[in-house]
Amino acid sequence: MKKYSLYFNIFIFISSHLISQDLRSMHNKANNKLKSGELKEAELALEKILEIDPSYAPARLTFSKLWLQKADLSKANEYATLAVRIDEDFRPWWDELNDIRVKIQSGRQKTQQEDYENAMIEYKAIAKKYPYYAEVHYYMGITKFKQRDFKGAAFYFEQALEIYPNYQKAQKGLKNVSKRLRK
């Protein structure tokens with residue numbers, strides 16, 4: 001009986017080691033897809049990883065970055081929170097998302113107060129650190145739109161769409177700019 005127990009434990013150890021190596025390899029591929037802008041492929045790869053191991057925190061973190069690129073800070077935060085619950089080492093990313101949220105809120109308030117220059121400073125600081133975050137470009141477009149700088153607004157909406165081509169808000173913003181420029 002001890003002999004079978006020993007073999008079983010060796011089998012479990014080897015299996016878990018191979019699975020973890022496979023997950024790391026799959027995760028690296030998903031990261032590469034995300035970096036190259038292949039968002040759907042990255043999403044499918046991450047979903048597959050989480051099917052195999054729902055507790056694989058690095059995949060949750062990468063999902064968070066994917067949602068940030070897809071202009072959904074709320075979903076990005078949701079996945080970052082899940083990653084932190086699994087592994088506290090991912091807290092710095094969660095803190096960074098919180099910092100983004102604070103700066104976005106500050107920029108939006110400044111835009112509402114017609115303090116456009118300082119709103120753009122807030123947004124540009126975010127865009128410099130997170131150039132793949134489509135929503136910040138959208139907010140810069142909104143700020144330019146409110147200033148009636150329609151060409152500037154179009155520039156930023158187009159940048160948001162370069163990052164995430166299916167970004168509905170940026171598409172709508174660009175249509176509104178086109179209407180204004182035709183008048």
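Residues numbered from 1 in each chain as written. Predicted model: local features only at pLDDT ≥ 70, side-chain atom pairs only at ≥ 80, totals over all residues. Heavy atoms only, no water.

Caption draft 1: Quick look at helix α5 (residues 91–112). Here α5 contains 22 residues, and its C-alpha end-to-end distance of 32 Å stays within 8% of the 32 Å for a straight helix at 1.5 Å per residue. Taken as a whole, α5 has its buried residues at Trp93, Leu97, Ile100, Ile104, Ser106, Gly107 and Thr111. Directly after α5, the chain includes glutamate 114, whose backbone phi takes a positive value near 60 degrees. (Helix = DSSP H or I, 4+ residues; strand = E, 2+ residues; numbered from the N terminus. Expected span 1.5 Å × (residues − 1). Buried < 20%, exposed > 50% of the residue type's maximum accessible area, 1.4 Å probe, protein only.)

Caption draft 2: Representation of the side chain of asparagine 77 in the model. Here asparagine 77 is to be found in helix α4 (residues 73–86). In this view, asparagine 77 contacts Trp94, Leu97 and Arg101; residues no more than four positions away in its chain are not counted. (Contact = heavy atoms within 4.5 Å.)

Caption draft 3: Structural view of unusual backbone geometry. The phi dihedral of alanine 71 falls on the positive side, at around 65 degrees, and the residue is not glycine. Position of alanine 71 among the secondary structure elements: in the loop between α3 (57–69) and α4. In this model, arginine 148 sits at a positive phi of 65 degrees, which is unusual for a non-glycine residue. Within the secondary structure layout, arginine 148 lies in the loop between α7 (134–146) and α8 (150–163).

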